[in-house]
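# Chains, contacts and geometry: an overview
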Amino acid sequence: GDSVTQMEGPVTLSEEAFLTINCTYTATGYPSLFWYVQYPGEGLQLLLKATKADDKGSNKGFEATYRKETTSFHLEKGSVQVSDSAVYFCALDSNYQLIWGAGTKLIIKP
Amino acid sequence: GAVVSQHPSRVICKSGTSVKIECRSLDFQATTMFWYRQFPKQSLMLMATSNEGSKATYEQGVEKDKFLINHASLTLSTLTVTSAHPEDSSFYICSASPRTGEREKLFFGSGTQLSVL
């Protein structure tokens, strides 16, 4: 069945560092891909999405490109801030159900 | 943005007791609500989907008699873990949508950490 694999955390970075959180997927067809973020004490919220190959989703300085050839949707940010500390989830849309990765905790130190 | 309130955020209970988790949509009517659980370092797993006024649809392997879901109104869904056991200890998350199938219109609660002693 469809699945999502993302890098295990926690990922600890210093402020202004470059961030990459890896996400790869297996799926039949070409599903939509999502990144969700959960800040401490809050619910998951959609960060960005891409609906077809080579699409780039972006929001709040984060970007992810839908790479069909490598079945990947890696999350990147050029310069992270302490306020980016959160748990990030990669997900794909499969038969009207979201398939989730395990989440990656990101810790940004000042 | 839309808010989904999930309560309690953390609960500890004795084995054999029942625990109720509430999920409320605060500023929209939720046609559909979803319940997920997550074990440490594992993916969120969909447990069931409920539409207001009808019975919940459970995913394969989820015991409907153990995890009772009630979606009695357009703003409230409850998950009751009946006769809880230590293996039910997990992180439970609800989400709500004003319309079925719109991923961008999916709003999540902050989750409930259940620990069964």
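Residues numbered from 1 in each chain as written. Chains lettered and ligands numbered in written order. Predicted model: local features only at pLDDT ≥ 70, side-chain atom pairs only at ≥ 80, totals over all residues. Heavy atoms only, no water.

Contacts between chain A and chain B engage 19 residues on the former and 16 residues on the latter. Buried area between chain A and chain B, both sides added, is near 1,400 Å², and the carbon and sulfur share of it is 57%. It is Leu44, Trp100 and Ala102 of chain A in chain A that bury the most area against chain B; as a group they hold 33% of the surface buried on that side. The interface formed by chain A and chain B contains 1 salt bridge. Joining chain A to chain B, the criterion identifies 4 residue pairs in polar contact (both at pLDDT 80 or more). For the side of chain A that touches chain B, the secondary structure elements donating two or more residues are β5 (33–38), β6 (45–50), β10 (86–94) and β11 (97–100) of chain A. (Contact = heavy atoms within 4.5 Å. Buried area = accessible area lost by both parts, 1.4 Å probe. Salt bridge = Lys/Arg side-chain N within 4 Å of Asp/Glu carboxyl O. Polar contact = N/O pair within 3.5 Å; in protein donor to acceptor, adjacent residues only side chain to side chain. Helix = DSSP H or I, 4+ residues; strand = E, 2+ residues; numbered from the N terminus.)

Moving on, we come to the state of the cysteines. Residues and elements named next belong to chain A. This model, assessed by the stated rule, comprises 2 disulfides over all chains. Note on cysteine connectivity: cysteine 23 is disulfide-linked to cysteine 90, with sulfurs 2.0 Å apart. Disulfide cysteine 23 to cysteine 90: torsion about the S-S bond roughly -70°, handedness left-handed. With cysteine 23 in strand β4 (residues 23–26) and cysteine 90 in strand β10, the pair connects residues that are 67 residues apart, well separated along the chain. Like cysteine 23, the residue cysteine 90 is buried in the burial classification. (Disulfide = S-S within 2.5 Å. Buried < 20%, exposed > 50% of the residue type's maximum accessible area, 1.4 Å probe, protein only.)

Let's shift gears to the packing of aromatic side chains. For the coordinates displayed, the defined rule picks out 11 aromatic pairs over all chains. Relative to tyrosine 66 of chain A, the ring of tyrosine 25 of chain A lies with its centre 6.0 Å away and its plane at 80°, an arrangement referred to as edge-to-face. Here the residue tyrosine 25 of chain A occupies a position in strand β4, and tyrosine 66 of chain A occupies one in the loop between β8 (62–65) and β9 (75–77), the gap between them amounting to 41 residues. The class for tyrosine 66 of chain A is buried, based on a relative accessible area of 0%. Aromatic pair tyrosine 36 of chain B and phenylalanine 108 of chain B: ring centres 6.2 Å apart, planes at 35°, arrangement tilted. In this pair, tyrosine 36 of chain B sits in strand β4 (residues 32–38) while phenylalanine 108 of chain B sits in strand β10 (residues 107–108), placing the two residues 72 residues apart along the sequence. Accessibility expressed as a relative area gives 2% for tyrosine 36 of chain B, which makes it buried. Judged by relative accessible area, phenylalanine 108 of chain B falls into the buried class, the value being 5%. Taken together, the ring pairs connect Phe34, Tyr36, Phe89 and Trp100 of chain A together with Tyr36 and Phe108 of chain B into an aromatic cluster. (Phe/Tyr/Trp six-rings, centres within 6.5 Å; stacked < 30°, edge-to-face > 60°.)

The subject of this paragraph is the sheet that holds β9 of chain A. Residue and element names in this part refer to chain A. Taken in spatial order, the 4 strands make up an open sheet running β3-β9-β8-β7, and their pairing is antiparallel. With one partner strand each, in any of the chains shown, β3 (19–21) and β7 (56–59) form the two edges of the open sheet. Recorded for the sheet is a direction-independent mean angle of 20° between the axes of neighbouring strands. With 4 bridges connecting them, β7 and β8 associate as antiparallel partners. Bridge pairing in β8 places serine 58 opposite glutamate 63. (Pairing = 2+ DSSP bridges. Axes fitted to C-alpha atoms, helices over the stretch in contact; angles between N-to-C directions.)

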